[in-house]
Amino acid sequence: MIGGVTPRYSLQPRHLRIDHRRSLTRSLFGPGVSTVEGDDHRRARKIMVPGFGAPEARTYLPIFFGTAGKMAQKWQDLITAEASQTTVVSLPWWVARATLDAIGEAAFDYQFGALDDSRNALVEKYTNLMCFNLHGLPTKGSILSVGIMEQIPMVVLQFILKYLPPRRMLLARGAAELSTEVSKTLVEQKTAALMADKGRRDIMSLLVKANYSENPNTRLEEKELIAQMNIIILAGHETTANTLSFAIYESCKQPEIQRRLRAEIPSMGKTGADFTSSDSDNMPYLTAVVKETLRFHPIVYNTARVAIGDEVLPLLDPVTTDTGEVLTELPIPKGTKVITSIAAYNRHKTIFGDDAHVFNPDRWLRNDLPKSPVPLGVYGNLFTFIGGARSCLGWRFAVLELQAFLVELFGKFEFEFAGTVDDFRREASILMVPTLKSTRSKGCQLPVRIRMARNDDSEA
């Protein structure tokens, strides 16, 4: 941000490394693909790419619909048990469990059972992890501790986290330890299945199979395998859960979104179990709602890197400073932390129109949507999944999962926000999460009233 103007620019990450926060995550969850650098990152990414390709992602669609349908049935049971034929649910509580079940079955062929067991140990550890962590709901003391941690050598920091962890890190460490236990068990099971020629096509099985390649460049150490699972669980369920919560919240503010989605779903003439990715592609309004939610509510709202060499940042548009100086480039000295705002890019009027600050799925149905002079990202010219060599591997996975849940839920239910708009708050934790101002200390919250969807005649 310079002189009140957000510059648009193109930066080649030749001299960038991940920042201290990712190193902190690595110390807790291991050397996963999102927390390692250089050759280790390239090797891990190359090994994992086959499990996240377009053909593989499509095979997971029945799992997504099945999990969404299971949650929908539980909601229907709650509704029919009420005389009013409506019930109020906390969306984050439910969808976090559903997406954890979905990631478990699709990525690991493993049943977490989160929807069936509200006291599931792993679920309890991950519940509100993103709200009650080192970076969320900050106090003056926690802000100071984060600043100090960024100056401490990683070896020293790892010692502190292991033997003298701050109170806010205890929850994250507990989740990491339990996730690692589950991961070790799964690695053993997948290895045994592979030896018995009974390997599956889930992501974890593909990674274990790659480990038996004769090429050392396609193998991962056991600690790396376990770290990949930890990162997939951490990044793969909470992000989708919160995105889905925000999509439903926006539809509560604009009920017309719900009506248009429900009108489009029957036009396909299929039930959820029969849907394919091609069917989803042929639902333009569904695609528009997914894109608009990803644009307006990026769960990862910024990304940080540190320059490991001197760099020059060329600006696409000259910037005039408060002193009147016109800048066409910015020097980035070695050691500078570069924080890029995903949220700011996604709401840039030059790219997404003059109404970029408004949630409007119809922008994606227009032919006059402005384009960025420098294409960015892997989906819809959005920065939500980052871009380039460190773009999100699971973006296809996430898009299809969102589509499946939206089809299943909006096809069966009507939603109404059970709070007040003024009380709603987007909390900037490690991830962006929904909360309520009046009960902010309770963590992730989004109460909605649900009822079975009525047909057009009964709504008229």
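Overview of the structure.

What counts, and at which threshold
Residues numbered from 1 in each chain as written. Predicted model: local features only at pLDDT ≥ 70, side-chain atom pairs only at ≥ 80, totals over all residues. Heavy atoms only, no water. Pairing = 2+ DSSP bridges. Helix = DSSP H or I, 4+ residues; strand = E, 2+ residues; numbered from the N terminus. Axes fitted to C-alpha atoms, helices over the stretch in contact; angles between N-to-C directions. Contact = heavy atoms within 4.5 Å. Core = buried A, V, L, I, M, F, W, Y, C linked by side-chain atoms within 4.5 Å. Buried < 20%, exposed > 50% of the residue type's maximum accessible area, 1.4 Å probe, protein only.

**Examining the sheet that holds strand β7 (residues 413–417)**
In step 1: Read across the sheet, three strands follow the order β2-β10-β7 without closing on themselves; strand pairing throughout is antiparallel. At either margin of the open sheet sits one strand with a lone partner, and together these are β2 (86–90) and β7. Direction aside, neighbouring strands of the sheet carry axes that sit 30° apart on average.
In step 2: Of the strand pairs in this sheet, β7 and strand β10 (residues 447–452) are connected by five bridges, and their pairing is antiparallel. Among the inter-strand pairings, Phe 417 is bridged to a residue of β10, identified as Val 448.
In step 3: Packing against the sheet, helix α11 (residues 222–253) makes contact with β7 and β10, and its axis sits at approximately 80° to β7.

**Considering the nonpolar core**
In step 1: Within the largest apolar cluster, 104 residues are counted, with the highest numbers of intra-cluster contacts made by Phe 64, Met 71, Trp 75, Phe 108, Phe 112, Leu 409 and Phe 415.
In step 2: The residues contacting Phe 108, other than those within four sequence positions of it, are Ile 103, Leu 186, Lys 190, Asp 202, Met 204, Met 229, Ile 232 and Ile 233.
In step 3: If you look at the next biggest cluster of nonpolar residues, it comprises eight residues, including Leu 315, Leu 327, Leu 330 and Ile 332.

**Some thoughts on the pairing of strand β8 (residues 424–428)**
In step 1: Examined bridge by bridge, β8 and strand β9 (residues 432–436) share five bridges and lie antiparallel to one another. Along β9, the bridge assignment pairs Arg 425 with Thr 435.
In step 2: In textbook terms, the turn of a hairpin is the stretch between consecutive antiparallel strands, and for β8 and β9 this stretch comprises three residues.

Note that all results are geometric; they support no functional claim without further evidence.
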